[in-house]
Structure formats: structure tokens, C-alpha cells
Amino acid sequence: MLAPDRPILDAIGGVPRPATDVVVEAVDVHKWFGRLHVLKGTSLAVRRQEVVVMIGPSGSGKTTFLRSVNHLERIQSGRIFVNGHLIGYREENGRLVEDRERNIARQRQEIGMVFQRFNLFPHMTALENVIEAPMHVRKVDAAEAREVGLALLTRVGLAHKAGSYPAQLSGGQQQRVAIARALAMKPALMLFDEPTSALDPEMIGEVLDVMKELAREGMTMIVVSHEMGFAREAADRMVMLDDGVVIEEGVPASFFDHPTNERTRAFLSKLL
Amino acid sequence: MKQLRPRSGGRTGLVLTAAVLVALLAAGCQPSTYQYRWDFFFDSIFRPDGLIIRGVSLTLYIAVVSQVIGVLLGVLGALGKMTKAPYLRGLAEFYIWFFRGTPLLVQISLIYFGLGVTGLYGWPDIGPLGEFGKGNVQAGIFALAVNEGAYMSEIVRAGILSIDPGQMEAAKSLGMTYGQAMRRIVLPQAARVIVPPLGNEFNNMLKTTSLLVAISVPELYVTFSRKNASGSTVFHPFELFLAAAVWYLLLTTVWALVQARIEARLGRGVGGEAPPSLRERLFGLRTRRPEEVPTISGGR
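All values reported here derive from a predicted model rather than from experimental measurement.

**Points about the packing of aromatic side chains**
One pass over the structure, following the stated rule, counts 18 aromatic pairs over all chains. Here the aromatic rings of B:Y34 and B:Y36 are separated by 5.1 Å at their centres, their planes lie at 90°, and the arrangement is edge-to-face. We classify B:Y34 as partly exposed; its relative accessible area is 24%. A centroid spacing of 5.8 Å and a plane angle of 50° characterise the contact between B:F94 and B:W97, whose relative ring orientation is tilted. Placement of the pair is B:F94 and B:W97 together in helix α4 (residues 86–101), with a separation of three residues, close to one helical turn. Given a relative accessible area of 47%, B:F94 falls into the partly exposed group. The exposed category is assigned to B:W97, whose relative accessible area is 63%. Taken together, the aromatic side chains of B:Y34, B:Y36, B:W38, B:F41, B:F42, B:F46 and B:F238 make up a single cluster linked through ring pairs. Between the NZ or CZ atom of A:K31 and the centre of the ring of A:F33, over which it lies, the distance is 4.6 Å. The ring of A:F121 carries A:R181 above its face, with NZ or CZ at 4.5 Å from the centroid.

So, in C-alpha cells, the structure goes:
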């Protein structure tokens, strides 16, 4: 399925090098949905080439946090930096002011996102999905975009499906196209929002294989997922979110075997 | 999901149409003081004079131009109604409210006579365009277009809202701006949803042009109305307006064929229900074969 001879990231010219060693730095992030206080001072730092797997009970704010990192959600206080740049806001006299749309769009080019429901563009073929943003956002010329696009589809094992529409692909195939689409923008950071939870069990493996390969090649990743096999194998660090705050973090071995927090222990026992 | 029994709706439509035609012919055979001049009817259709040709061309021209402008205004109206900018939204809401809430006949008169008499805009002729550039033709197109734009706004908005918000988010996550995402991702998908009601709007438009009688635009209806009022064909309203009806039917039927082709093209590559057949389109009756169980397309 995966073409194992060459790394996936070869297709985009190797591991993207962010400017700083800390790729993501979130400090005391607060988010309300109306009266519902979802993020209650979430803080997290992710270093270059680090793979962070985030777990937590339903409603703990995992997805909201991930979506705040590329400003698909507004936050009410706190700061999120990606590559040293404040995301989504400008600071004026110590207050946060939402940034101009064009600047936000530019920042998002550096951040790839993979959604639970794939969100492929149904009116475009797999290849067109992959080359859409490089061509119309980065203004890469068509021939080069196609070449990179085909190389990426080859790396996720879907070169033969380049001309297929999303409706003609299985869930696992759609999600692999979605990963290729995000990688085509040569992001410095990849966000995965429960990428396998909408998939039938037999398709989960093919998507996780692509993600493991990316992790091995040094992509910086934040993954919200309850796939514990993947976490043990690929994660550099586990993060437990509960009620909008990080309550525990650590390397997978100690995190799984000796969780210190009572709620982490209870949650893990339910997962396994 | 409930299975529907096959209905013979299409057949009923055909039978009804035939019955009406037979009744019309029978009426023609009955003794009466009225002298039928069927030659007026057939000549109007098979040997149309310059006036009729002009009428048909004007009707088609006005309908096409008004509809095109109406669609563009509809996209603007829809985006305006969904924007967060309060003044733009207010403007869009006022526009839609006004033109959907007043009769088209009033709008036509207000735009042509009202603007003309006050000197706000006198609708001067555009010389090189000849009959197509007359002031009242321009005013008619303007009125039909802004009226249509108000209705299209709601259709376009419904089309945009029917697209999964995940599409906009995916586009934004790739670095697109709102405008880029709308243009490249959301609107092309919404177009598929918009095309069937748009086709119906244009069918209406072809017929609604006849309201321009109010400002004496010599389109199809006015042409036949004038033939009925003067000349060798004076006072033969039955033959003349029946001929007018046939001309309108010709236009709407050709459009139904075109619409069927457009919908078939748009349907390529996506699943879902087959578009209605020509017969269903013309008689407005949907026949459903029992094996055709409705499916929900998209998503797995």
C-alpha cells in the first residue's frame, strides 16, 4: 500500500524546517462558546519534529484546542504562537485584536489540517484536490503542482486513484488523499483531528500507517486520537486534556504505565 | 424510507392536454356569429411577419439579459445577506425586502415612468442597438433584473447554506481567504443545487416579460395585442392570442430541453436521483419507478 522505498516527505522536498525550535507555543488559552467555558487556560509547547498525541474525554476541549491553533476557532484570551508568530491576532496595548483575513490565511498555509470527516472537495478529482491550494494559493505553476501532487499521491499509495472523485473512494482512501492535500502546501506543522474515528475498522490501519511514516520522517504533528497503538508507537509525548486544561503529560511508556493523575488513570482504564 | 407506488401522472397530463385541444377544435366547429380566421393563426406561426419576429427576439433578448443580470445580483444579494458587515447586510436585506414585497408591475412603472418624469433618469435610447436599445427596453430589463435578483438571492443563499461548512473550513485550513474559498470551493458546489430552481426561474422570466406591456415594449404579447387592435387582423383575439400562446410554448419547451441537458452535464460524477424527464418537466408531474428508492448522496 505505502511505497516504502522513498519517504513521503521527499515529494515536497524533505522535512519542512520551521524557523524556530519551538513550533507551537500555546499559553493560557481561554475559549467560551457563549456561556460554555471550554478551554480554561490550556498551555502546550510542541518542539520541532515532535509528535504529540492528545487524549481526553468527550467535551474536554481537544478538538477546540486543535482548531484554535490554526484559528478556525477564535479564542478569548491567551496566546498561541506558531513558528514564533502570534496566530489570528495582533497585540495592541496588551489587548488581542483579530488580525486581517489575508494575514490569517497566510499563517494557515504553514499549518496542515486533517479533519475527522475528510472534507475533500467533492467536485474535484483526488489530484485536483491535492493541487488546488498550491496552484491557487501559492501560485505554483500547473506542471510543477501536478508533479508534486502525483508524487504525494504515490507516497500515500493512491497514484492509481488520481483521477477518481471522492465519492468513488473508500473512507480510508479519502483520508489519505486529505493528508496528501494538506502536505502539498509544505506545512511546518500538521494537525490531525480524530483522523480515524469516522472510518470503518479495516481502513484505520492504512491511514495510521501514513501518519506513522510521517512521524518517522520528522514531521511536527499534534494528533487528537484515541488510537493507543498508534500513540505508543509514534508519539514522542502524550498529553491528557480534561475540562479544558492539560492535566498530565509525558513520554508514552511512563504515561501509559504509571499515570500520576487520578483522572488520567480512570480515563486510560476505560480506553484499554 | 417509504417506497412509492408508481403513479400514472404523466399519462393523466397527456390525456388532459389532448382533451383540451379536442375541446378547442370542437368549439371551432360550432355555428356561431364569430368568423374564425384560422389563416391568421397559422400565418402567425408558420409565416411570421417582421413584427412577430421582432416580438419573439425582444422577448428572448430581454429574458436572457435580465436573467443573467438577475443571477449576478442574486449572488451579490446572497453574499450580502450572509456577511458580517452590518451596512452591507442591511443594504442586501432592504433590497430583497423591497423587490420581493412589491408587485413587479409597480416596479416596472416606478422605474420607467417614475424615474423618467422626475428627471432622475430619463432612459435615453442607445442608438446603435436599434429596437433592443430603446429606453423602455432598457428600463424593462432593469426592472426584471432587479426583481429577479431579489428572488435569486434567496435561491443562491439556500444553495450556499446547503454546502457542508466543513468545505469552507477545509479551504481556509489550506490558506484560502473567504473570497477564494467561496469562488473555488463553495459556489461551484452550490451551483449544482441552484441550477434546477434557476431553470424554473428562467421559464417564468420568459413569460413575465409580457408585463412590459405596461411600458409599451413591443415584445410578443404587445405584438399580438396590437395586431388585435388594428390592421387587417383587427379583433380576432382568439386566433391571435392562441398564436401568442404557441410562441411562448415554443420558447419554454426549447428551454426545457436545454435545461435537461445542463442538468445532465452537472450530474456527471455525482450520484443521486436522475433529473426529471422532459415529459415530467413539461407537465410538472413526477413519475417514479418503484425500484428508484431515494438515496442520500455524499458522505460515507
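Anyway, onward from the coordinates.
**Examining the packing of helix α3 (residues 126–136) of chain A against helix α5 (residues 171–183) of chain A**
Residue and element names in this part refer to chain A. Packing of α3 against α5 leaves a shortest axis separation of 8 Å and a crossing angle of 25°. By the angle between their axes, α3 is roughly parallel relative to α5. The interaxial crossing formed by α3 with α5 has right-handed handedness. Contacts from A126, N129 and V130 in α3 reach V177, A180 and R181 in α5. Of the residues assigned to the contact of α3 with α5, the class counts are four nonpolar, one polar and one charged.

**So, the pairing of strand β6 (residues 89–92) of chain A**
The pairing of β6(A) with strand β7 (residues 95–98) of chain A spans four bridges and is classified as antiparallel. Its bridge partner being in β7(A), A:R90 is matched across the sheet by A:V97.

**Side note on the interface of chain B and chain A**
Counting from both sides, the interface comprises 23 residues of chain B and, opposite them, 31 residues of chain A. Applying the counting rule to chain B against chain A returns two salt bridges. B:R184 is the salt-bridge partner of A:E132, the closest N and O atoms lying 2.6 Å from each other. Taken together, the links from chain B to chain A amount to eight residue pairs in polar contact (both at pLDDT 80 or more). Those elements that provide at least two residues to the side of chain B that touches chain A are α7 (165–173) and α8 (178–208) of chain B. Broken down by element, the side of chain B that touches chain A gets its largest block of residues, eight residues, from α8(B).

**Considering unusual backbone geometry**
Unlike most non-glycine residues, A:F118 shows phi in positive territory, near 65°. Looking at the secondary structure, you find A:F118 in the loop between β8 (111–114) and α3. Despite not being glycine, B:S216 shows a phi value in the positive range, around 60°. Along the chain, B:S216 turns up in the loop between α8 and α9 (220–229).

**A short note on the sheet that holds strand β5 (residues 85–86) of chain A**
All names here are of chain A. One open sheet accounts for four strands, arranged β2-β1-β4-β5; its pairing is antiparallel. Pairing within the sheet leaves two strands with one partner each, and these edge strands are β2 (36–47) and β5. As paired strands, strand β4 (residues 77–82) and β5 are joined by two bridges and run antiparallel to one another. When the sheet's bridge partners are listed, V82 is paired in β5 with H85. The strands that helix α1 (residues 62–69) touches are β1 (22–33), β2 and β4; relative to β2, the one it contacts most, it runs at about 60°.

**A word on the nonpolar core**
In this structure, A:L152, A:L153, A:I179 and A:M221 are the most contacted members of the largest nonpolar core, which totals 55 residues. At eight residues, helix α6 (residues 201–216) of chain A tops the list of elements feeding residues into this core.

**Points about the layout of surface pockets**
Considered as a void within the structure, the second largest pocket measures approximately 1100 Å³ in volume. If you go around the second largest pocket, you meet 32 residues; those closest to its centre are A:E101, B:K84, B:M168, B:K172 and B:Y178. Broken down by secondary-structure element, the contributors of at least two residues to the lining of the second largest pocket are α2 (101–108) of chain A together with α3 (50–82), α6 (135–161), α7 and α8 of chain B. Of the residues belonging to the lining of the second largest pocket, the class tally is 16 nonpolar, four polar and twelve charged.

**Describing the side chain of A:H123**
Within the secondary structure, A:H123 sits in the loop between β8 and α3. For A:H123, the side chain forms a polar contact with the main-chain oxygen of B:R184, separated by 3.2 Å. When residues no more than four places from it in sequence are discounted, the contact partners of A:H123 are A:E128, A:Y165, B:R184, B:I185, B:P188, B:Q189 and B:R192.

**Comments concerning a nonpolar patch on the surface**
Judged by side-chain polarity, B:L60, B:V64, B:V68 and B:L72 come together as a nonpolar surface patch covering roughly 340 Å² of accessible area. Within the secondary structure, B:V64 sits in helix α3.

**Comments concerning the side chain of A:K212**
Residue and element names in this part refer to chain A. Its place among the elements puts K212 in helix α6. Its relative accessible area of 17% is what places K212 among the buried residues. At a separation of 3.3 Å, a polar atom in the side chain of K212 contacts the side chain of E233. Sequence-distant contacts of K212, defined by excluding residues within four places in its chain, comprise F230, E233 and A234.

**Structural notes on the pattern of salt bridges**
Summed over all chains, the structure comprises 26 salt bridges over all chains. A salt bridge links A:E92 to A:R90; the nearest nitrogen and oxygen atoms lie 2.6 Å apart. Linked by salt bridges that have partners in common, A:K31, A:R67, A:E73 and B:E169 make up one network.

**Some points on the confidence of the model for chain B**
Residues and elements named next belong to chain B. In this model, chain B carries an average pLDDT of 87, and 84% of its residues clear a pLDDT of 70 or more. pLDDT under 50 marks residues 287–300. Its contacts with residues more than four places away, or in other chains, come to 26 contacts. Under the prediction, the complex receives an ipTM of 0.92, its pTM being 0.82.

Conventions we followed
- Residues numbered from 1 in each chain as written.
- Chains lettered and ligands numbered in written order.
- Predicted model: local features only at pLDDT ≥ 70, side-chain atom pairs only at ≥ 80, totals over all residues.
- Heavy atoms only, no water.
- Phe/Tyr/Trp six-rings, centres within 6.5 Å; stacked < 30°, edge-to-face > 60°.
- Buried < 20%, exposed > 50% of the residue type's maximum accessible area, 1.4 Å probe, protein only.
- Helix = DSSP H or I, 4+ residues; strand = E, 2+ residues; numbered from the N terminus.
- Lys NZ or Arg CZ within 6 Å of the ring centre and 35° of its normal.
- Axes fitted to C-alpha atoms, helices over the stretch in contact; angles between N-to-C directions.
- Parallel < 35°, antiparallel > 145°, perpendicular 65-115°, else oblique.
- Left-handed = near helix turned anticlockwise from the far one by under 90°.
- Contact = heavy atoms within 4.5 Å.
- Nonpolar A, V, L, I, M, F, W, Y, C, P; charged D, E, K, R; others polar.
- Pairing = 2+ DSSP bridges.
- Salt bridge = Lys/Arg side-chain N within 4 Å of Asp/Glu carboxyl O.
- Polar contact = N/O pair within 3.5 Å; in protein donor to acceptor, adjacent residues only side chain to side chain.
- Core = buried A, V, L, I, M, F, W, Y, C linked by side-chain atoms within 4.5 Å.
- 1 Å grid on protein atoms, 1.4 Å probe; cavity = no way out; pocket = protein on both sides within 12 Å on 5 of 7 lines; lining within 4 Å.
- Points joined across faces, edges and corners; volume = space filled by probe spheres on them.
- Patch = residues over 30% accessible without salt bridge, like charges linked within 9 Å, V, L, I, M, F, W, Y side chains within 5 Å.
- Areas by Shrake-Rupley, 256 points an atom, 1.4 Å probe, with all protein chains shown as cover.
- pLDDT = per-residue confidence, 0-100.

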